Amino acid sequence: MSTETGTVAGNDTSRIHNIGYRSYDGVRLGRAYARRSLYSQTLRGSFGLGRSAKSKVLPMLLCGVMCLVSLILVAVAIATPGMTKLPIKYTDFAIYLQAVIGLFIASQAPQAVSRDLRFKSVPLYFSRPIERVDYVLAKFAAMTSALLILTGLPLVILFVGALLAKFDFADQAKGFGQGMVSVALLSVLFAGLGLVVAALTPRRGFGVAAVIAVLTITYGAVSTVQAIAWQTDSAGAITWLGLFSPITLIDGVQTAFLGATSAFPGGDGPGAAAGVVYLLVVLALVAGSYAVLMRRYRRVGL
Amino acid sequence: MTVIATESLSKRFPRVTALDRLSLDIGPGVTGLVGSNGAGKSTLIKILLGLSPATEGRAAVLGLDVATEGAAIRERVGYMPEHDCLPPDVSATEFVVHMARMSGLPPTAARERTADTLRHVGLYEERYRPIGGYSTGMKQRVKLAQALVHDPKLVLLDEPTNGLDPVGRDEMLGLIRRVHTDFGISVLVTSHLLGELERTCDHVVVIDGGALLRSSSTSDFTQITTTLAVEVTDSDTHPDGTDALRRALTGAGVKLVGHDGLDAAGLPGAGHILLVEATGEETYDVVRDSVAGLGLGLIRMEQRRHHIAEVFRTEEAPRAAVAATAGAGQQKGSGRDEH
Ligand SMILES: Nc1ncnc2c1ncn2[C@@H]1O[C@H](COP(=O)(O)OP(=O)(O)OP(=O)(O)O)[C@@H](O)[C@H]1O
Ligand SMILES: [Mg+2]
């Protein structure tokens, strides 16, 4: 084992810092635990928890804005005499506040995935029991959960407010349920797209810009072309144009299936048949995002 | 007991063969893996971690097959990459705790082990500060700590002395030695410097172009017996002082080692140095008395230990690359032993 000559150099220093090594005989919780730990660390991190005070500012501010808007809506509903329902539909909320949601995912998706890539920490994960699929699933689920908190919390506030205002319970419960399904779909879609863009642009600052670009440029383009189609009386095109931006996809799905009023020009979203196409596109994008992320991490550090 | 075993392990990339039918059998202790840039050291480590499939051949780590039991290997092994891998915006403590949890340690154990491990690698107050402000030496210690935090059976350290100054290098090597002697963890450590591993390792494996050049225990070639290098002046009575002294010493029963080898090695002035095997105090006296008796001037008489580098000079055709990286060793030791 250790030869005479081999220990010569080690000995004098080891005497000095010999403070007794304790081996570890406790439990090793394995992959599922590591995945859960990574999930909770990423989820907390997307609200700045466990990070510097500076990194808490933006996500907390955005979350605050979402909640504040819903509180104002509740206050209006309660204060205005004779109201029988909330000033907006549950499904409208995320569409109106899409810019806030866009900023959130644009700032937090790079935080979730780009750092590990930029600082080359990824090989440290994959040299442990945790595998690529665990890493991708944990990040994807955490980002989805963060968006669900951001978009779901205001709906909960609206629902509680509606109950306090003694609006019709069945009516409100249905609307709330539809709204939650819609934001869940939005969260998983935005998380997937945001993570893909961030994982492909690990350079500092670039990820944020790229995510914003993907969300706003597609929305800007789609809504402009839709407006032109509306003015040139080609209403049929409006329905299909909505397939080309994330937020109009969600708008389409919730108009077709979740009782929402479309924000498309003319208020005329897809019907059930076109709605199926919308839903399939959303699901394909989510699956595609997962596949791209898995690919992205295939050769990292190898 | 075998810690790492490979059997005609090959790894071919489209344009290069990174590993070429490498067969190794590495036991517990500290093993050095030496090779010049591109020799295939990092490639071997990635295969051993089960992260990159071999093109051909087999490998086992701690008795587990790398192709099928990679997950089990990664639970028991620690890995320190050669490149930077630390985020600058978190503290060493936060980072190592996170990595401990990724290895499956429960939260409390992860915190305790992190505190212990950082202390063992010599990080104290600074461990609460963001890593971005650390020196290269401190960063290397954090990288080592994350490889040790889950108390593995074996650590694979890829060029841990990279970027360190001579003092930092020595400290890191001392630390690596302790990982085995005090922590009981086997170590595979890579370097492209042959010289620096000999004091640290029990065993050295040299690869070049992905093929095995040599695998030996360091005790095989780092001799425990001391060799004295003696250099003398010539005088009028003895125009070849060195030769006269050699004869006198041989007559006195002192054993000389490898004078001819020195000529073969072609070292400047090598022909004027006599290598004397010192069996004890009395050898020094014999040499001194012989030199005085011949009326020669003693230029120097010094102790030296054999260096790994010398072993490779005895190979028929040492690869230029290895010989070059062993340069440091050549200057110090210039003898040739019986290998
Ligand atoms: N993913 C890869 N694709 C193609 N070639 C590769 C890949 N990884 C390594 N190689 C090649 O394989 C050879 C061995 O590389 P490796 O990184 O194992 O060397 P090394 O001994 O670690 O060198 P260094 O001292 O520079 O770290 C090199 O020629 C390298 O270019
Ligand atoms: Mg390497």
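Rules and cut-offs
- All chains use their own residue numbering, which begins from 1 and follows the written sequence.
- Both sets of labels track the order of writing: A upward for chains, 1 upward for ligands.
- Only residues with pLDDT of at least 70 are given local features in this predicted model, and only at 80 or more are side-chain atom pairs given and counted; all residues enter the totals for whole chains, interfaces and linings.
- Side-chain measures here rest on the full set of heavy atoms in the structure, leaving out hydrogens and waters.
- Sodium, potassium and calcium take a 3.2 Å donor cutoff, other metals 2.8 Å, and in both cases only N, O and S atoms count; water is not among them, so sites may look incomplete.
- What counts as a helix is a DSSP run of H or I of at least four residues, what counts as a strand is a run of E of at least two, and both are numbered from the N terminus.
- Buried means the residue's accessible area, taken with a 1.4 Å probe over protein chains only, is under 20% of the maximum for its type, while exposed means over 50%, and partly exposed covers the values in between.
- Think of a polar contact as two N or O atoms within 3.5 Å of one another; within protein, one of them needs to be a possible hydrogen donor and the other a possible acceptor, and neighboring residues in sequence only count if both atoms come from side chains.
- To obtain each axis, a line is fitted to C-alpha atoms, and for helices this fit is confined to the stretch in contact; angles are then taken between N-to-C directions over 0 to 180 degrees.
- Small angles under 35 degrees read as roughly parallel and large ones over 145 as roughly antiparallel, with 65 to 115 read as roughly perpendicular and the rest as oblique.
- Any two residues having at least one pair of non-hydrogen atoms within 4.5 Å are treated as being in contact.
- Any residue outside Ala, Val, Leu, Ile, Met, Phe, Trp, Tyr, Cys, Pro, Asp, Glu, Lys and Arg is labelled polar, Gly included; the first ten of those are nonpolar and the last four are charged.
- The criterion for strand pairing is that DSSP finds at least two bridges linking the strands in question.

An unreviewed UniProt entry lists chain A under the name ABC transporter permease subunit, with Streptomyces silvae given as the organism.

S.K.: Tell me about the coordination of the magnesium ion (ligand 2), and please be specific about residues and values.
M.R.: Geometry reference: four tetrahedral donors at a metal, ideal angle 109.5 degrees. Six octahedral donors, ideal angles 90 or 180 degrees. All names here are of chain B. Only Ser 42 (OG), Glu 82 (OE) and Glu 82 (OE) from the protein coordinate the magnesium ion (ligand 2), and they sit 1.9 to 2.7 Å from it. Taken together, the residues Ser 42 in helix H1 (residues 41–48) and Glu 82 in the loop between strand E6 (77–80) and helix H3 (92–102) connect sequence positions 40 residues apart. Judged by relative accessible area, which is 14%, Ser 42 ranks as buried.

S.K.: Would you mind going over the side chain of Arg 74 of chain B in detail, with residue names and values included?
M.R.: With respect to the helices, strands and loops of the structure, Arg 74 of chain B is situated in helix H2 (residues 70–76). Classification of Arg 74 of chain B by relative accessible area gives buried; the value is 6%. In this structure the side chain of Arg 74 of chain B is engaged in a polar contact, spanning 2.8 Å, whose partner is the side chain of Glu 131 of chain A.

S.K.: How would you explain the packing of helix H5 (residues 136–148) of chain B against helix H6 (residues 166–181) of chain B if you had to name every residue and give the values?
M.R.: Residues and elements named next belong to chain B. Relative to each other, H5 and H6 sit at 10°, their axes nearing to 11 Å. The angle between H5 and H6 places the two elements in the roughly parallel class. When H5 is examined against H6, the residues Gln 140, Arg 141, Leu 144 and Leu 148 are found in contact with a partner set consisting of Glu 171, Met 172, Leu 175 and Val 179. Of the residues contributing to the contact of H5 with H6, the split by class is five nonpolar, one polar and two charged.

S.K.: Pulling in residues and values, what's your account of the pairing of strand E8 (residues 186–191) of chain B?
M.R.: Residues and elements named next belong to chain B. For E8, the tally of buried residues reaches six of six residues, placing the bulk of the element in the interior. Residues of E8 alternate between two faces, with Ser 186, Leu 188 and Thr 190 on one and Val 187, Val 189 and Ser 191 on the opposite face, all of them buried. Sheet topology note: the strand E3 (residues 30–34)/E8 ladder contains five bridges and is parallel. Within the sheet, the bridge partner assigned to Gly 32 lies in E8 and is Val 189. In the sheet, strand E7 (residues 154–157) pairs with E8 via four bridges, with the strands oriented parallel.

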